[in-house]
Amino acid sequence: MPDTDRRTFVAGAAALTAASASSAAAQEGKSAAGATTPAAASFPKPPFPVQRQPWPGLASKMTPRPDHGEQSYKGSGKLTGKKALITGGDSGIGRAAAIAYAREGADVAINYLPAEEPDAREVVALIEAEGRKAVAIPGDLRDERFCRRLVEQAAARLGGLDILINNAARQQTRPTIADISSQDFDDTMKTNVYAPFWLTKAALERMGPGAVIVNTSSEQAGDPSKDIVDYAMTRAAVLNFTKGMAKQLASRGIRVNAVAPGPFWTPLQVSGGATPEKQRTFGQSAPLGRPGQPAEIAALFVAAADPSLSFSTGQIFGASGGNGQPA
Ligand code: NAD
Ligand code: MG
């Protein structure tokens, strides 16, 4: 093709691409509020039916059921051959990460509470459907000895440990500080702060260069709600821990990142994490006007551990529907 023809062809192709992009944008602009993509148009919006499950709750009993990416997540080999342990991998955000990791080529161990076995069984089946190894290790993270055993067993059964996702958490709404008992406070701190500390310590005994720790923080770290103050302070602690450990481990070639979600539709919110009123209008105050579905955050957990993002450590990856980042 002569140069002038080539220029005309390239310019024409660019114009066509721009036209189709703007027509796609126009299509999306027409879709319902909170629909940033055609897929997001079908994600549920408030009002939600008020529901209450005993803690820790099951995703399989929620109405509507959360979308963890079971049908939609497509992998592209970003984590091929990696071995990952995900706490709270049975449901919600942790389940979405587990599905994504398996589809990106990782073998995955999940931890959860014994009462969550039905949710965990579904996740094991989803991981195995990808031809990846699934290891299920139930147990209570408030116990230091169990945390050590969990890391040991996960590493032994997976044949190593490249990625630790500290994702499990306890959130129980209490109207005032007077309503938070010392036992409550202790349970929240043990689950949300001590366990990531114990698990990180144990994991580092087995991790080498290239390994990654991914923590789960929250928009609550920088903008706490008035009725979950003990929980919110733990999300700030995790954010800070992420940044400090990233500095400490840089010389070992180990990265530490965090994902900070905004409101997400998960069992945490229907098993004591939110008041009935907050549940009904859940996500309404986010600029997108709805909560995120776990499927919409899985790719950030992949990014946080993706070996190609080798300069990204101490980073906070966010998904909060327009409310910005805690740090
Ligand atoms: P979820 O209920 O699906 O997951 C939390 C998990 O924590 C449970 O599945 C359970 O297995 C685990 N867990 C709790 N206590 C435990 C214990 N003592 N021992 C072992 N496991 C225990 O809810 P989710 O919303 O997906 O929560 C995952 C993470 O996301 C948490 O770190 C939470 O702080 C964070 N987060 C959630 C939201 C949201 O709106 N859902 C917003 C910001 C941050
Ligand atoms: Mg669960």
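Reading the values: the criteria
- Residues numbered from 1 in each chain as written.
- Chains lettered and ligands numbered in written order.
- Predicted model: local features only at pLDDT ≥ 70, side-chain atom pairs only at ≥ 80, totals over all residues.
- UniProt positions renumbered as here; feature names shortened; annotations may be inferred.
- Axes fitted to C-alpha atoms, helices over the stretch in contact; angles between N-to-C directions.
- Helix = DSSP H or I, 4+ residues; strand = E, 2+ residues; numbered from the N terminus.
- Parallel < 35°, antiparallel > 145°, perpendicular 65-115°, else oblique.
- Left-handed = near helix turned anticlockwise from the far one by under 90°.
- Contact = placed C-beta atoms within 7 Å.
- Nonpolar A, V, L, I, M, F, W, Y, C, P; charged D, E, K, R; others polar.
- Near = placed C-beta within 6 Å.
- Expected span 1.5 Å × (residues − 1).
- Buried ≥ 20, exposed ≤ 12 C-beta atoms within 10 Å, placed from the backbone.
- Arc of directions from axis to C-beta.
- Pairing = 2+ DSSP bridges.

In its Sequence similarities (unreviewed entry) section, the UniProt record describing the chain reads: "Belongs to the short-chain dehydrogenases/reductases (SDR) family."

Asker: Would you take a moment to explain the packing of helix α2 (residues 92–103) against helix α9 (residues 298–305) for this structure?
Answerer: If you want to describe how two helices pack, look at the angle between their axes and the distance between the axes. Two elements in contact, α2 and α9, have axes separated by 8 Å at closest approach and are oriented at 60°. In terms of axis orientation, α2 runs oblique to α9. For the pair α2 and α9, the sense of crossing is right-handed. Residues Ala 96, Ala 97, Ile 99 and Ala 100 of α2 form the contact with α9, whose participating residues are Ala 298, Ala 299, Phe 301 and Val 302. For the contact of α2 with α9, the class distribution of residues is eight nonpolar, no polar and no charged.

Asker: What am I meant to see in the site of ligand 1 here?
Answerer: The local shell around ligand 1 holds 30 residues, among which Gly 88, Gly 92, Ala 169, Thr 266 and Leu 268 are the closest. A breakdown of the residues in the shell around ligand 1 according to their chemical character gives 12 nonpolar, 12 polar and six charged.

Asker: When you look at helix α4 (residues 144–158) in this model, what are you seeing that I'm missing?
Answerer: Because the α-helix completes a turn every 3.6 residues, residues three or four places apart line up on one side. Counted at 1.5 Å a residue, the expected span for α4 with its 15 residues is 21 Å, and the 21 Å between its end C-alpha atoms agrees. All buried positions along α4 are accounted for by Cys 147, Leu 150, Val 151, Ala 154, Ala 155 and Leu 158. Along α4, the residues classed as buried sweep out an arc of 115° about the axis, all on the same side. In this structure, the buried residues of α4 make contact with β1 (83–87), β2 (107–112), β3 (134–138) and α5 (182–204).

Asker: Help me out: how do you make sense of the packing of α2 against helix α3 (residues 117–129) in this one?
Answerer: Where α2 contacts α3, the axes come no closer than 8 Å and their chain directions differ by 15°. Taken together, α2 and α3 sit at an angle that is classed as roughly parallel. For α2 against α3, the interelement crossing comes out right-handed. For the pair α2 and α3, the contacting residues are Arg 95, Ala 98, Ile 99 and Ala 102 in the first and Val 123, Leu 126 and Ile 127 in the second. Its residues assigned to classes, the contact of α2 with α3 shows six nonpolar, no polar and one charged.

Asker: Before we go on, may I ask you to explain the pairing of β3 in this structure?
Answerer: Bridge count for β2 against β3 is five bridges, and the pairing is parallel. Bridge pairing in β3 places Asn 111 opposite Ile 137.

Asker: What is the right way to read helix α6 (residues 229–249) from this model?
Answerer: The end-to-end C-alpha distance of α6, which contains 21 residues, comes to 30 Å, matching closely the 30 Å that a straight helix rising 1.5 Å per residue would cover. The set of residues buried in α6 consists of Asp 230, Tyr 231, Ala 232, Thr 234, Arg 235, Val 238, Leu 239, Phe 241, Thr 242, Met 245 and Leu 249. In the core, the buried residues of α6 are packed alongside α5, β5 (212–216), β6 (255–261) and β7 (316–319).

Asker: Explanation requested: the environment of Asp 187 in the structure shown.
Answerer: Here Asp 187 is to be found in helix α5. In contact with Asp 187, other than residues within four places in its own chain, are Arg 142 and Arg 170.

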